[in-house]
Amino acid sequence: MATQASPARKIAFSAAQPTGQLTIGNLFGAIQNWVPLQEHYDTLFCVVDLHALTVRQDPQQLRRHILELAAIYMASGVDPRQSEVFIQSQVPQHAELAWILSTFAQLGELERMTQFKDKAQRHRHNVNAGLFTYPVLMAADILLYGAHVVPVGEDQKQHLELTRDIAIRFNNLFGPVLQIPEPLIPTQGAARVRDLQYPEKKMSKSAEAELSRVMILDDDATVLKKFKKAVTDSLGEIRFNEDAQAGVTNLLTIWCAATGRRQEEALDHFSHNMYGKLKVETAEAVNAVLGPIRENYRQLMADPGELERILNQGAERAAHRAEKTMVQVMDVLGLPVAGRRMRAGV
Ligand code: TRP
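Residues numbered from 1 in each chain as written. Predicted model: local features only at pLDDT ≥ 70, side-chain atom pairs only at ≥ 80, totals over all residues. Heavy atoms only, no water.

K.L.:
Would you explain the pattern of salt bridges in this entry?
P.N.:
One pass over the full model with this rule turns up 20 salt bridges. Here Arg-321 ties to Asp-42 by a salt bridge, and the two come within 2.9 Å at their closest N and O atoms. Separated by 279 residues along the polypeptide, Arg-321 in helix H14 (residues 304-333) and Asp-42 in strand S2 (residues 41-47) bring together distant segments of the chain. On the basis of relative accessibility, which here comes to 4%, the residue Asp-42 falls in the buried class. Measuring nitrogen to oxygen at the nearest pair gives 2.4 Å for the salt bridge that ties Arg-294 to Asp-220. Of this pair, Arg-294 sits in helix H13 (residues 275-301) while Asp-220 sits in helix H10 (residues 220-228), placing them 74 residues apart in sequence. With a relative accessible area of 7%, Arg-294 lands in the buried category. Taken together, the shared-partner salt bridges in this structure form one network comprising Asp-42, Glu-84, Arg-317 and Arg-321. (Salt bridge = Lys/Arg side-chain N within 4 Å of Asp/Glu carboxyl O. Helix = DSSP H or I, 4+ residues; strand = E, 2+ residues; numbered from the N terminus. Buried < 20%, exposed > 50% of the residue type's maximum accessible area, 1.4 Å probe, protein only.)

Structure (structure tokens):
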């Protein structure tokens, strides 16, 4: 029961795509930072499966990944009694509002999105229109719920800017209907976790080498093995130095994220140590965080009926909220809303 829908609370919305198993990068960089927001915000956390369709997916796998991602949210501390946890495709207003907003987004703006340019490069055989309008669907996700803040990583900042531009443009033409959202970009608190083998790159769930990434569901031994094989350097000094010692810096960053300690504390803790100790202790710290998450996850996945019940309830409540925005948006545009008002009781 999300009881916090009191108007005094600001609204926070975030989401992730169900495109595979999540890494500790997703955990420390995103999901872990959602959890404390539940205290002070009216929070919604969405599994954006429609976004995932912009890259070809295997239906069986997609079905599984959607539930797994929702379970990971909850196993990591997103509490469905405090937050709406739901699947994007179960709330049809996302696609509806996306269509309307697409008429407020300029081709030139969408062409400038670096993620589009990247993905168009990587999926050259399938540069579909959805890949291009992806940020418009994201704008719809956010604007449907009147989100004040959107916790996202640095890489989504440009999409957030576009969301704001679309909302401002809409409001300028039709009145103050849409809430203008602010990005909540983690500074030090959230770690930007790098690839363990190529620390100049961000850790990615689609990295080719297994040793590059630590998955949330990896077992203790696998986590230890991956950290032991992490790339470092031959300088033999433990310090934060992103340019010359990206690997060591990454291990320190991960240790901080897993223990909740500050950079200075990490330096204190590891001063005069060898890389071997840094690797093993980082693995242990990560396992200490992952252990309970894996256990919660197992319990959630053992009862898919209950998981689906929670998600259906989340979708129902989300749809009710989304419908209020839809009716307002449609009304100011001159689209008929009387029938919708009656059906939804809004
Ligand atoms: N584009 C985001 C990502 O790849 C996922 C996303 C979709 C999202 N809709 C959103 C994030 C709305 C925040 C808010 O990470």
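K.L.:
Whenever I open this one, the site of the ligand confuses me. Can you help?
P.N.:
Of all residues adjacent to the ligand, which total 13 residues, the nearest are Phe-13, Tyr-134, Met-138, Asp-141 and Gln-156. At 2.7 Å from a nitrogen atom of the ligand is found a side-chain nitrogen or oxygen belonging to Tyr-134. A distance of 2.7 Å is found between a nitrogen atom of the ligand and a side-chain nitrogen or oxygen belonging to Asp-141. Protein chains shield 89% of the accessible area of the ligand, which is 370 Å² for the free molecule. Within the residue set of the shell around the ligand, elements represented by two or more residues are strand S1 (10-16) and helix H8 (129-144). For the shell around the ligand, the element with the highest residue contribution is H8, accounting for 4 residues. Residues that form the shell around the ligand fall into these classes: 8 nonpolar, 4 polar and 1 charged. (Near = heavy atom within 4 Å. Polar contact = N/O pair within 3.5 Å; in protein donor to acceptor, adjacent residues only side chain to side chain. Areas by Shrake-Rupley, 256 points an atom, 1.4 Å probe, with all protein chains shown as cover. Nonpolar A, V, L, I, M, F, W, Y, C, P; charged D, E, K, R; others polar.)

By themselves, these are just geometric observations and shouldn't be taken as functional.
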